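Residue-level listing of the chains:
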Amino acid sequence: MTPSPAWPRIYLGVATTTMATLLLELALTRIFSVVLFYHFAFMAISVALFGLGAGAIFSYYLAGPRSAAALWGRLGLLSALNIAVTALVLLIVLDQHVSLQATYKNAERLALIYFVSALPFFLAGAVISLAISETVERVDRVYFFDLLGASAGCLLLVPLLNLTGGPNAVLTAAALYGLAGAFWYAAGERSRAARFCLGLAAIAAVFIGFNLRTRWVDLRFAKGERLQHETFSRWNSFSRVAVRGNAIFIDADAETDIATVAIDFLSPADRAEMLRSGPGLPYLVRPGAKTLVIGPGGGYDVARALASGSRDVTGVEVNPIIINDIMRGRFAQASHNLYGRPDVHIHVEDGRSYVRRSEEKYQVIQMTLVDTWASTAAGAFALTENNLYTAEAFVDYLRHLTDDGLLAITRWGFEPPRESLRVVSLGVEALRRLGAPEPWRHFLIAREGPQDATGYGSRDTVLVKRTPFTSEEIARARQPMHATHMPAVYVPGERIPNAFTDLLVGGDPDRFLAQYRYDVTPVTDNRPFFFYTVRSRELRSFITHHASEDVKINMGVMMLFVLLGASLVATAVILLLPPLLLGARLPREPRAFVHLAYFFAIGVGFIMVEVGLIQKFVLFLGQPTYSLTVVVFSLLAATGLGSFASRRLIGEDDRPLTFALAAAALVVALLGLVVPLVLQAGVGLPLAVKCALTVLLLFPAGFVMGLPFPSGLRRLQKTYPSAIRWAWAMNSASSVLGSVAAVSSPSTWAWLKRSTWAALAIFWLWPPYT
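Residues numbered from 1 in each chain as written. Predicted model: local features only at pLDDT ≥ 70, side-chain atom pairs only at ≥ 80, totals over all residues. Heavy atoms only, no water.

Student: What is the right way to look at the overall build of the protein chain in this model?
Tutor: A tally of regular secondary structure across the protein chain gives 26 helices and 14 strands. In the protein chain, which comprises 770 residues, the proportion classed as buried is 62%. Per element, the accessible surface of the protein chain, about 28,600 Å² overall, is 61% carbon and sulfur. (Helix = DSSP H or I, 4+ residues; strand = E, 2+ residues; numbered from the N terminus. Buried < 20%, exposed > 50% of the residue type's maximum accessible area, 1.4 Å probe, protein only. Areas by Shrake-Rupley, 256 points an atom, 1.4 Å probe, with all protein chains shown as cover.)

Right, dumping it as structure tokens:
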């Protein structure tokens, strides 16, 4: 029995370890997105869960008939070692230059990153597994502090990334491991070793301050290229933004140029020249329009609107660094204070969320190549979600147009077309939902710029009008298109032979979309993967030959399968190592494995609920960062409280546990029904109110989901105590698979979470196992 004076130190050791671990996991998603590609942000989640599960298996070698003091001292040693290991991982990852080319060298570098990055999680997994297995008599409280620390790590991530950047956030996790080591040594009454760990943590903290000034440990390579000639760079919680010349780079890849235009001093000829382009087309059709620009970036769309005579231009940009630090800060003079003009109104917010809550109507709503290759929401998605390009989003845009208003969207042109053709299919679907009888009369499409040999490089501008285009408006657009040699791709009433005409006036759009080579069907908020156009029947060809010219975008499809395979291997390793290496220590009775399957199912169910909710709340809370922070914190904190209350509410009787599992299934099912309604109704509320509402919505589900795990561990301790650490490993392993599965089928998130928890309830209710 652990002496009572040691319990507070044990609780603090658990909480600090999980705080450092979650902080490290989420910080690595940001670093992977910059150093590698956004496709690999998910890899950090897989790496973390794999390392935690493998560490739980390794903990069997660390356990034994030793004193409690010796055990806590060993956990202190592992934590102290993790300071150096975490710092080493950071140095190795920052020094890798990996491209998207399928070469052995890239494969070697990726393998190095994967397995090296798993080391700190491996050590943390061993620490947590041992701590829980040796404190089963108070597992409800220990698990509460486990989740409390993880939720604190989630809250810590955002301010750390904003203030110190990605590399320093990782170093902060290293310092926290040192602090955890001090708590473990203190629990074992080893004060000298505890002071030593505190000293290591202090040294790490001092180095973070030094690194903020010198950037001695910082990015050197990104996307396979050395970073050079950057005059400015800064991190926030969902991107790294840098300036080279007059170009702004997000995560060293997506680019937007600073508009170096003095609007007030332009001649009429200069103003006309600014509009001789695809993004200038809406202002030729509707000059002087009241305008909303979503994703204005460096400001060229704002400048075009002003050049056309607009006196009321609103811009909505999700990235505060671009607005506050660059366009209104250090580089304000480069743009002639474009975002400080009285006729320009800039908001830092997700564009879709702003439109949802706005009561204004505009004559032009414009989006020009709005996308970034940054990791999203939790950094846990191999495919890039984008809520700006869905059928529901297009309905929102059209509803916020005046009767003669235009929605203008510019996307990359391909041959055969993909992105711009999907924009048209989304427009058709939105017009159908709004009751337009002849959608083909509401479109006008132009192409700008030459294509290269692969069919890539031009830009298509799609104009969607709330009401049908008139002949006068068509003539007004045709004139500049002809003057600038910008060919018309689609004009109402003209039969231009191409896929756009076939879709709009071919007679059967559903059949056309089903037979088209690429998947350009309308995407929805439940599956907002606008950029991914590879059909399942073409997947093998794409993976083997990269048949799609937009390989960087559709590479996410391949990466999802690669990561799914890696996750299966990692899970198999975690599940097979115990019987192979530790067979004598594990129970051989069939019912023991049934109990272990229970923990596996809990892990799958929880991570699916979490991933699905993060995706759902992005639109409601306005930014991916807010969704990640509020949802994960709410679930972890509520689950921790459920764990804390599990002994009192569940006790040692199986019947209350059965009811708790049934309640989990019921509450999560209700959540799946209620959340969409609440999010739709409350999108216009103030952010603080929406955050509070999110916590209240998620608390009941999190609380009941916190009851089964500690209750199951207490039962396992009574019957098969040698399997405790394997149960923890299986829970981690199942989370690896669950996170990938949730991404693989996001449109079925509600069904998955309901069926998962329902299956758990049925499992405990099944007579042979009750």
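After that view of the structure, there is still more to cover.
Student: I tried to follow the pattern of salt bridges on my own but got confused; where do I start?
Tutor: Oppositely charged side chains can pair when the atoms bearing their charge come close. Inspection of every chain in the model, using the stated rule, returns 27 salt bridges. D343 is the partner of R341 in a salt bridge, and the nearest nitrogen-oxygen pair spans 3.1 Å. In this structure D343 comes out as buried when scored by relative accessible area, which is 10%. (Salt bridge = Lys/Arg side-chain N within 4 Å of Asp/Glu carboxyl O.)

Student: I keep staring at the sheet that holds strand β6 (residues 254–257) and nothing clicks. Help me out?
Tutor: Two orientations exist for strands paired in a sheet by backbone hydrogen bonds: parallel and antiparallel. Strand order in this open sheet of four strands is β3-β4-β5-β6, and the pairing throughout is antiparallel. Edge positions in the open sheet fall to β3 (232–236) and β6, since each of these has one partner strand only. Pairs of neighbouring strands in the sheet enclose a mean axial angle of 20°, with direction left out of account. Bridge analysis of strand β4 (residues 239–244) against strand β5 (residues 247–250) gives four bridges, and the strand direction is antiparallel. Residue pairing for β5: V243 is matched across the bridge by I248. Packing against the sheet, helix α1 (residues 7–35) makes contact with β3 and β4, and its axis sits at approximately 140° to β3. (Pairing = 2+ DSSP bridges. Axes fitted to C-alpha atoms, helices over the stretch in contact; angles between N-to-C directions. Contact = heavy atoms within 4.5 Å.)

Student: Honestly, the packing of helix α3 (residues 68–94) against helix α6 (residues 166–187) in this entry has me stumped. Any pointers?
Tutor: Packed helices, taken two at a time, are described by their axes: the angle between them and the distance between them. Two numbers describe how α3 lies on α6: the axes approach to 6 Å, and their chain directions differ by 170°. If you check the angle between α3 and α6, you find them roughly antiparallel. Listed contacts from α6 to W72, G73, L75, G76, L77, S79, N82, I83, T86, A87, L90 and L94 of α3 are P167, V170, L171, A174, Y177, G178, A180, G181, W184, Y185 and A187. Residue composition of the contact of α3 with α6, grouped by class: 16 nonpolar, seven polar and no charged. (Parallel < 35°, antiparallel > 145°, perpendicular 65-115°, else oblique. Nonpolar A, V, L, I, M, F, W, Y, C, P; charged D, E, K, R; others polar.)

Student: I would appreciate a short explanation of unusual backbone geometry in the present structure.
Tutor: Note: most residues except glycine have negative phi, and most peptide bonds are trans. Between E415 and the following residue, P416, the backbone shows a cis peptide bond with an omega angle of 0°. Relative to the helices and strands, P416 is located in the loop between β11 (401–414) and α14 (419–433). Here the phi dihedral of E189 falls at roughly 60°; this positive angle occurs in a residue that is not glycine. Summarising the element assignment, E189 is placed in the loop between α6 and α7 (191–214).

Student: Can you walk me through the environment of A483 in this structure?
Tutor: As for its position among the elements, A483 is in helix α15 (residues 471–483). Sequence spacing of A483 and R276 is 207 residues, and the spatial spacing of their C-alpha atoms is 8.4 Å.

Student: It is not clear to me how the nonpolar core should be interpreted in this structure. Could you clarify?
Tutor: Soluble globular proteins: nonpolar side chains tend toward being buried together. Within the largest apolar cluster, 121 residues are counted, with the highest numbers of intra-cluster contacts made by W184, L613 and F617. Per element, the largest residue contribution to this core is 16 residues, and it comes from α1. Listed in part, the 48 residues of the second largest apolar core include Y354, M367, A393 and Y516. (Core = buried A, V, L, I, M, F, W, Y, C linked by side-chain atoms within 4.5 Å.)

Student: What should I look at first to understand helix α11 (residues 320–330) in this one?
Tutor: Each α-helix winds once per 3.6 residues, and so residues spaced three or four apart point in a common direction. For α11, every residue scored as buried is listed here: I321, I322, I323, I326 and M327. Residues of α11 that are buried in the fold lie against β3, β4, β5, β8 (313–317) and β9 (344–348). For α11, the N-terminal cap is N319; the gap from its side-chain oxygen to the backbone nitrogen of I321 is 3.1 Å. (Polar contact = N/O pair within 3.5 Å; in protein donor to acceptor, adjacent residues only side chain to side chain.)

Student: What is the right way to look at the pairing of β8 in this model?
Tutor: The side chains of a regular strand alternate, residue by residue, between the two faces of the sheet. Counting buried residues in β8 gives five out of five residues, a clear majority hidden from the surface. Neither face of β8 is left uncovered, since the one carrying V313, G315 and E317 and the one carrying T314 and V316 both have all their residues buried. As paired strands, β8 and β9 are joined by five bridges and run parallel to one another. Bridge pairing in β9 links T314 to H345. Taken together, β8, α11 and β9 constitute a β-α-β crossover, and its handedness is right-handed. (Right-handed = clockwise from strand over helix to strand, strands pointing away.)

Student: Before we go on, may I ask you to explain helix α5 (residues 139–164) in this structure?
Tutor: For α5, spanning 26 residues, the distance from its first C-alpha to its last is 35 Å, which sits close to the expected 38 Å at 1.5 Å a residue. At L157, α5 shows its maximal kink, close to 30°; a proline, P159, follows between one and four residues later. One or two steps after α5, the chain reaches G165, where phi turns positive at roughly 95°. (Expected span 1.5 Å × (residues − 1). Bend = angle between axes of the 7 residues up to and from the residue.)

Student: Explanation requested: the packing of α5 against helix α24 (residues 708–719) in the structure shown.
Tutor: The N-to-C vectors of α5 and α24 enclose an angle of 140°; their axes lie 9 Å apart at closest approach. Classified by the angle between their axes, α5 and α24 sit oblique to one another. Here the hand of the crossing between α5 and α24 comes out right-handed. In this structure, α5 uses V139, D140 and Y143 to contact α24, whose residues at the interface are F709, P710, L713 and R714. Looking at the contact of α5 with α24 residue by residue, the class counts come to five nonpolar, no polar and two charged. (Left-handed = near helix turned anticlockwise from the far one by under 90°.)

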